[in-house]
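# Results of the structural survey
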Amino acid sequence: MKSKFFIAIAGIALLAACKGRNGSYEIVNNSSSADTVSVSSASDTAAYAKPKLVKTADMSFKVKSVQQTGDSISHITAKLNGLVIHHQMGSSIERSEDIRLSNDSVMRVSAFKTTADMTVKIPSEKLEDFMNHVSHMGIYVTARKMDIEDKSLDYLSAKLKLKNRREMVAQQKTGKIKIKNPEAVLWLKDDMIDGQINNQKIDEAVNFSVVSLNFYQSNTIYKERIANDDPSAYKMPFFNRLLVALSNGWYLFTELILGLANLWVLILAAVGIWMVFRVYKRKYSAI
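Predicted, not measured: the structure shown is a model, and the values here were computed from it.

## Quick notes on the nonpolar core
Counting 19 residues, the largest nonpolar core has F61, I73, F130, V211, L213 and F215 as the members making the most contacts within it. Broken down by secondary-structure element, the contributors of at least two residues to this core are β2 (53–62), α3 (66–79), β4 (105–123), α4 (127–135) and β7 (208–216). Other than its neighbours up to four places away in sequence, I73 contacts F61, M118, F130, V134, M137, L213 and F215.

Structural data, given as structure tokens:
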């Protein structure tokens, strides 16, 4: 049954090998083109029968110290011949309050939260040991997950397609087959490179598992004495402000007197008009 299954897979790969990016690789040959490209048998697929299992994992947990935990994870990753590919740590202020100590200083009390994200690559055979070791670093684990994806068929399909493409290119060089469009040869070779790269990526993912870690700690209280940045806190004492107010009042009064003095002509004219009006009124009343 397995042999028939792999032969069917190989047949599909053969059909895919005869397609280009924009159309078919049109072949012109005197003999039957079915004889020019071989189909891999079950014996050919046996070499690629090893399962290609890609493992990924992620975990979220609470720790006592984010800084120390990050350093410990980096240390154990290097010890297991792994690699840290991402590490980000940050703090954010949850709330803050200022306590006034004097006119020019306050005690600022802040509660801030510290978190970190790490992504590491660990040899797949050591993944379980790594996850267990990291989980023991935390106070408790809030979430832990591991996924396994089987890439065996994808890997086998790419291998068979690559083999058939190589045979087609070799026969095209010897003249056994001819491809109408010269650009199709270039597309065929590019597809061969893409297939090789994709299989190398699968091998890399099989050999090294990617683990995403998120850890955090309890809110930290931090107190600091700083200068008071509220301008209204720097006003003078009450009695000093009262003296300044009286002084300002006297200044305004003197300015008023000086202003009226500057208007003496208008005041004199107003007094003259008033007197003329009174004389006229008396004279009119006497008549």
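## Considerations on the pairing of β2
By the bridge criterion, ten bridges tie β2 to strand β5 (residues 140–150) in an arrangement that is antiparallel. Residue pairing in the sheet places S60 in a bridge with A143 of β5. By the bridge criterion, seven bridges tie β2 to β7 in an arrangement that is parallel. Bridging from a neighbouring strand, A57 pairs with V211 of β7.

## Some thoughts on α4
Along α4, the positions that sit buried rather than exposed are L127, F130, M131, V134 and S135. The buried residues of α4 occupy an angular sector of 125 degrees when the element is viewed end-on, so they sit on one face. Of the surrounding secondary structure, the elements contacted by the buried residues of α4 are β2, α3, β4, β5 and β7.

## Comments concerning the packing of aromatic side chains
A complete count under the given rule lists two aromatic pairs for this structure. For the ring pair F61 and F215, a centre distance of 5.4 Å and an interplane angle of 25 degrees mean the geometry is stacked. Taken as a pair, F61 in strand β2 and F215 in strand β7 lie far apart in primary sequence, 154 residues in all. Look at F61 and you get buried, because its relative accessible area is 0%. Consider the rings of W250 and F253, whose centres lie 5.7 Å apart with planes at 35 degrees: the pair is tilted.

## Some remarks on the side chain of S209
Following the sequence through the fold, S209 ends up in strand β7. A polar side-chain atom of S209 sits 3.3 Å from the main-chain carbonyl oxygen of K55. For S209, the contacting residues outside a window of four places in its chain are K55, V120, K121, I122, S124 and L127.

## Observations regarding unusual backbone geometry
For N81, which is not glycine, the phi torsion reads 65 degrees and is therefore positive. Overall, the relative accessible area of 57% leaves N81 in the exposed class.

## Here's the deal with the pattern of salt bridges
Evaluation of the coordinates by the stated rule reveals six salt bridges. Residues K145 and D58 are paired through a salt bridge, measuring 3.8 Å at the closest nitrogen-oxygen approach. Within this pair, whereas K145 is found in strand β5, its partner D58 is found in strand β2, the two being separated by 87 residues in sequence. K145 gets classed as partly exposed once you look at its relative accessible area, which sits at 42%.

## Here we look at the confidence of the model for the protein chain
In low-pLDDT segments, the atomic positions of the prediction should not be examined closely. Confidence along the protein chain averages 80 in pLDDT terms, with 81% of residues attaining 70 or more. Of all the helices and strands in the protein chain, helix α1 (residues 2–17) carries the lowest mean pLDDT, 43, while β7 carries the highest, 95. Contacts of residues 1–41 to residues separated by more than four positions or lying in other chains number 65 contacts, the stretch itself having pLDDT below 50.

## Regarding a nonpolar patch on the surface
A cluster of nonpolar side chains, namely W250, F253, L256, I257, L260, L263, L266, I267, V271, W274 and M275, defines an oily patch on the protein surface of about 1100 Å² accessible area. Accessibility expressed as a relative area gives 43% for L260, which makes it partly exposed.

## Details of the environment of N199
Looking at where N199 falls in the secondary structure, it is placed in helix α6 (residues 182–207). You can call N199 buried: its relative accessible area is 6%. Separated by 45 residues in sequence, N199 and D154 have C-alpha atoms that sit 8.5 Å apart. Apart from the residues lying within four places of it in its own chain, the contact partners of N199 are D154, Y155, A158 and K159.

What counts as what
Residues numbered from 1 in each chain as written. Predicted model: local features only at pLDDT ≥ 70, side-chain atom pairs only at ≥ 80, totals over all residues. Heavy atoms only, no water. Core = buried A, V, L, I, M, F, W, Y, C linked by side-chain atoms within 4.5 Å. Buried < 20%, exposed > 50% of the residue type's maximum accessible area, 1.4 Å probe, protein only. Helix = DSSP H or I, 4+ residues; strand = E, 2+ residues; numbered from the N terminus. Contact = heavy atoms within 4.5 Å. Pairing = 2+ DSSP bridges. Arc of directions from axis to C-beta. Phe/Tyr/Trp six-rings, centres within 6.5 Å; stacked < 30°, edge-to-face > 60°. Polar contact = N/O pair within 3.5 Å; in protein donor to acceptor, adjacent residues only side chain to side chain. Salt bridge = Lys/Arg side-chain N within 4 Å of Asp/Glu carboxyl O. pLDDT = per-residue confidence, 0-100. Patch = residues over 30% accessible without salt bridge, like charges linked within 9 Å, V, L, I, M, F, W, Y side chains within 5 Å. Areas by Shrake-Rupley, 256 points an atom, 1.4 Å probe, with all protein chains shown as cover.

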